[in-house]
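Working through the structure, step by step
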Amino acid sequence: MQFKHPEILYFLFLLVIPILVHLFQLRRFKKEYFTNVRFLKEVSIQTRKSSQIKKWLLLCTRLLLLACLILAFAQPFFNAKDSKNTANEMVILLDNSFSMQAKGNRGELLKRAVQDLLENTPDNQRFSLLTNTEAFWDTDIRSIQKELQSLSYSSAPFRLDFLRNKVEAKKHNVPKDIVIITDAVQADKNAAVIQEQSPVYCIIPKAENKNNISIDKVSINQQSDDFYEIKVALSAYGELQSEIPMAVYNGKNLVAKTVIAFDTPKKNIVFNLPKKDFHGYVSLEDNSLTYDNTYYFSISKPEKSNVIAIGDADKNAFLSRIYTPDEFQYKNTTLSTLDYNALDKQDAIIINELKEIPQALTTTLKAFYDKGGTIVVIPAAETSVQNLTSFSGNFGITKIGSLQNTPKQITKIAFNHPLYQTVFEKKTDNFQYPKVNTTFTIGGNPSGILSYDDQTPFLSSVTNKIGILYLFAAPINKTNSNFQNSPLIVPTFYNMAQNNQKTGISEFTIGDNQSLILDVILSKDEVVTVQNEKSDFIPMQQILNNKIKLSFGDYPEQSGNYAIAKGNTLLKNISFNHARTESDLSLHNENIYDKYTKTDSIATVYNDIHSTRTASEAWKYFIIATLLFLLLELLIQKFVK
């Protein structure tokens, strides 16, 4: 037992006073004689004994009364069970990912968690609160009440290891009480990183309905002269639902509407759009998460792609039949007549069987690739391995083997490669595969698109995320190969030269740090902005001669349709969507948090901390004892003779 005011214990010396009063009585007995002396002596002895007992009882009672009163003023207490963590700082880690949109028994999980904090956190409680995207340091509940009530959902997943490192960087070696509030969707082993001396509390709200439908992707499936065939990829999680309404809007105008019946977890819906500008979205209605029910996308009116082929006119003849004037600005030139200044204006450059690629052309092509251009290289049989290796090394392909005179058949297609994503409706093995008579070997780590029967690549690619290089392993002239007669020849070269930024869907995923190349010339102080009616931001931009490269990073914060503008001039319509990483609510991994102290509400956390870290006050018991001894003294005075 300890005392808040131990100096008051010196008053215990006052206990000497009643003892002295008892021992040194000043009263003297008078002797009185009566006729019956024997009888009087016996009565006197009995009275004197009774009086002595009463005095001793009163002395003990008064001593105990005074001692209890002094001890009560000294305020004795017993140490708390967890007294070493009494000075800990409170840190709350709140999950605000999209999966917290799910509904529990009292509403949306995030809103219910925020309400729990607002109702049960004491006004004088200081704490730090971190979400997936925001941080509030050393604050109290009233100071951040409005921010919590307007807290938005985030596409960033709840990463306990990341948040823990962020806290540790801010409050290094500071003892902390940590409270985790998460639904444990997409939780992984990184949750096991918190090692604190004090308990780590975990509140795991649970969704009652784990069924959810997500719009995963919108893409151009096929296109005709007048229409785009749009494919919408959907996923159903949990129990399959039927008759889900879906609608397509161009701006605010309803374009199409249908009802979806799910018979499998994955579903593709196809509809047609006129081949003109589109700036809208596709949406559906379900009773679960809402963030993945709308998918924004934009399609610009097709522009002709600029393509130039460098090589002999005879060998380039097949390209003119693919790159027709209605869709391409195609030009054929020999190396000797090549205008290097024209290369920067192209969307795709094809190097077709040049015996040697000059260093000046290599340097120009590398700069073109870095600015987002597409390069297609078809080697000639006369090309030296050294020259081909020197050229491809600038793009990360460092292993080129010598020409082999062994015939090979092309038997493998990478159906999932972006080059062929819109070509095949399904994978097929019954296909008339082409062959070659002689071929180089390509090693390293390029992405294989077409491969021989021995698994070595015939057509491979490398990319820097904006530019792309396609490299054939063999000449494709009719003497060496029948590839020009294969059904693959048209979609392969057509898709290589198509600039998706001119003809495809303009849609980006927020947080993927993707880039966009635009044909626009800016003056020294000019910038482009990305804007809609609700928000705007200035993306990172890099001027590339007559083009500009835009990098979006983690912006914008909200999905939607946006416009890229230079001043008041519209340059391009563009759309942004959040990644569909939180759509599967069945990925609830609560067991990851088993090593922490699980509880059901923040009120329970505060009650537990208060009960284990609050000292037991004993002074009130001494006050009670003082009153009891006072009452006992009165009883002794009244009833003891």
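To start, this report covers the structure provided alongside it. (Residues numbered from 1 in each chain as written. Predicted model: local features only at pLDDT ≥ 70, side-chain atom pairs only at ≥ 80, totals over all residues. Heavy atoms only, no water.)

1. So, the overall build of the protein chain
In terms of regular secondary structure, the protein chain is built from 13 helices and 37 strands. Going through the 641 residues of the protein chain one by one, you find that 46% of them count as buried. Put simply, of all contacts in the protein chain between residues at least 6 apart along the chain, 70% involve residues at least 24 apart. Surface accessibility of the protein chain: about 34,400 Å² in total, with carbon and sulfur atoms responsible for 52%. (Helix = DSSP H or I, 4+ residues; strand = E, 2+ residues; numbered from the N terminus. Buried < 20%, exposed > 50% of the residue type's maximum accessible area, 1.4 Å probe, protein only. Contact = heavy atoms within 4.5 Å. Areas by Shrake-Rupley, 256 points an atom, 1.4 Å probe, with all protein chains shown as cover.)

2. Digging into the sheet that holds strand S18 (residues 328–333)
Strand pairing in a sheet relies on backbone hydrogen bonds. The paired strands run either parallel or antiparallel. Overall, mixed pairing links the nine strands, which are arranged S18-S17-S19-S20-S27-S26-S25-S22-S23 in an open sheet. Looking at strand neighbours, the two that pair on one side only are S18 and strand S23 (435–436), the edges of this open sheet. With four bridges joining them, strand S25 (residues 447–452) and strand S26 (residues 457–463) adopt antiparallel strand pairing. Across the sheet, the residue bridging to Leu450 is Leu459, located in S26. Contacts between helix H10 (residues 489–497) and the sheet are confined to strand S17 (305–310), S18, strand S19 (348–352), strand S20 (374–378), S26 and strand S27 (468–472), with S20 contributing the most and set at about 145° to the helix. (Pairing = 2+ DSSP bridges. Axes fitted to C-alpha atoms, helices over the stretch in contact; angles between N-to-C directions.)

3. Points about the sheet that holds strand S34 (residues 560–566)
Strand order in this open sheet of nine strands is S13-S12-S15-S16-S28-S35-S34-S30-S31, and the pairing throughout is mixed. Two strands in the sheet have a free side with no partner beyond their single neighbour: strand S13 (253–260) and strand S31 (536–537). Pairing analysis gives three bridges linking strand S28 (residues 505–509) to strand S35 (residues 569–577), with the strands arranged parallel. Directly across from Phe508, in S35, lies its bridge partner Phe576.

4. Here's the deal with H10
Within H10, seven of the nine residues are buried, which leaves it mostly tucked inside the rest of the structure. Taken as a whole, H10 has its buried residues at Ile489, Pro491, Thr492, Phe493, Tyr494, Met496 and Ala497.

5. Concerning the pairing of S28
Here strand S16 (residues 294–299) runs beside S28; their pairing, made up of two bridges, is antiparallel. Residue Ser298 lies in a different strand from S28, and its bridge partner there is Ser506.

6. Description of the environment of Gly107
Summarising the element assignment, Gly107 is placed in strand S5 (residues 107–108). On the basis of relative accessibility, which here comes to 30%, the residue Gly107 falls in the partly exposed class. Sequence separation of Gly107 and Ala207 is 100 residues, and the distance between their C-alpha atoms is 9.2 Å.

7. Focus: the environment of Ser219
If you trace the backbone, Ser219 turns up in strand S10 (residues 212–223). The spatial distance from the C-alpha of Ser219 to the C-alpha of Phe297 is 9.0 Å, given a sequence separation of 78 residues. Discounting chain neighbours no more than four positions away, the residues touching Ser219 are Glu229, Ile230, Lys231 and Ile505.

8. Here's the deal with the nonpolar core
By size, the foremost hydrophobic cluster in this structure holds 60 residues, and its most contacted members are Leu450, Phe458, Phe472, Phe483 and Phe493. The contacts of Phe458, once residues within four sequence positions are left out, are Ile410, Val436, Leu450, Ser451, Tyr452, Leu471, Phe472, Ala473, Ala474, Ile476 and Phe483. (Core = buried A, V, L, I, M, F, W, Y, C linked by side-chain atoms within 4.5 Å.)

9. Brief notes about the pattern of salt bridges
Scanning the entire structure with this criterion turns up 16 salt bridges. Two residues, Arg164 and Glu168, come together in a salt bridge whose shortest N-O distance is 2.8 Å. Of this pair, Arg164 and Glu168 both sit in helix H5 (residues 160–170), four residues apart, roughly one helical turn. The class of Arg164 is buried, set by a relative accessible area of 12%. In this structure, a network of salt bridges that share partners links the residues Glu89, Asp138 and Lys171. (Salt bridge = Lys/Arg side-chain N within 4 Å of Asp/Glu carboxyl O.)

10. Let's talk about the side chain of Asn352
Mapped onto the secondary structure, Asn352 falls in strand S19. For Asn352, a relative accessible area of 1% translates into the label buried. Among the polar contacts made by the side chain of Asn352, one reaches the side chain of Asn316 at a distance of 2.6 Å. Look past the residues within four positions of Asn352 in its chain and what remains in contact with it is Ile310, Gly311, Lys315, Asn316, Phe318 and Ile378. (Polar contact = N/O pair within 3.5 Å; in protein donor to acceptor, adjacent residues only side chain to side chain.)

11. Things to note about the side chain of His578
One can find His578 in the loop between S35 and strand S36 (597–599). Side-chain polar atoms of His578 contact the side chain of Ser155, separated by 3.4 Å. Filtering out sequence-adjacent residues up to four positions away, His578 remains in contact with Phe98, Ser155, Tyr291, Thr509, Ile510, Glu557, Gln558 and Ser559.

12. Remarks on the pairing of strand S8 (residues 176–181)
Extensive coverage of S8 is indicated by the burial of six of its six residues. Here S8 shows two buried faces, one formed by Lys176, Ile178 and Ile180 and the other by Asp177, Val179 and Ile181. Here strand S3 (residues 89–94) pairs with S8 via six bridges, running parallel. What sits directly across from Glu89, in S8, is Lys176. The pairing of S8 with strand S9 (residues 200–203) spans four bridges and is parallel. By the bridge assignment, Ile181 is partnered in S9 with Ile203.

13. Focus on a nonpolar patch on the surface
A contiguous nonpolar surface patch, about 670 Å² in accessible area, is contributed by Leu627, Leu630, Leu631, Leu632, Leu634, Leu635 and Phe639. When you line up the elements, Leu627 lands in helix H13 (residues 619–639). (Patch = residues over 30% accessible without salt bridge, like charges linked within 9 Å, V, L, I, M, F, W, Y side chains within 5 Å.)

14. What about the packing of aromatic side chains?
Under the criterion given, the structure shown has 22 aromatic pairs. Ring geometry for Phe472 and Phe493: centres 5.7 Å apart, planes at 10°, overall stacked. Of this pair, Phe472 sits in strand S27 while Phe493 sits in helix H10, and the two are 21 residues apart along the sequence. Among the residues examined, Phe472 registers a relative accessible area of 1% and is labelled buried. Look at Phe493 and you get buried, because its relative accessible area is 0%. Here the aromatic rings of Phe508 and Phe576 are separated by 6.1 Å at their centres, their planes lie at 35°, and the arrangement is tilted. (Phe/Tyr/Trp six-rings, centres within 6.5 Å; stacked < 30°, edge-to-face > 60°.)

15. Side note on the environment of Leu459
Within the element layout of this structure, Leu459 appears in strand S26. Each C-alpha atom of the pair Leu459 and Leu471 lies 5.8 Å from the other, and the pair is twelve residues apart in sequence. Residue contacts for Leu459: discarding those within four places in its chain leaves Leu419, Ser447, Gly448, Ile449, Leu450, Tyr470, Leu471, Phe472, Thr492 and Met496.

16. So, helix H9 (residues 385–393)
If you check which residues of H9 are buried, you get Asn387, Leu388, Phe391 and Ser392. The buried residues of H9 occupy one face: seen down the axis, they fall within an arc of 120°. On the buried face of H9, the contacting elements are helix H8 (359–370), S20, strand S21 (400–404) and strand S24 (439–442). (Arc of directions from axis to C-beta.)

17. Observations concerning unusual backbone geometry
Here Tyr555 and Pro556 are connected by a cis peptide whose omega angle stands at -5°. Within the element layout of this structure, Pro556 appears in the loop between strand S33 (547–551) and S34. Its identity as a non-glycine residue notwithstanding, Gln455 has a phi of 75°, on the positive side. Checked against the element boundaries, Gln455 lands in the loop between S25 and S26. Using a relative accessible area of 52% as the deciding quantity, one classes Gln455 as exposed.

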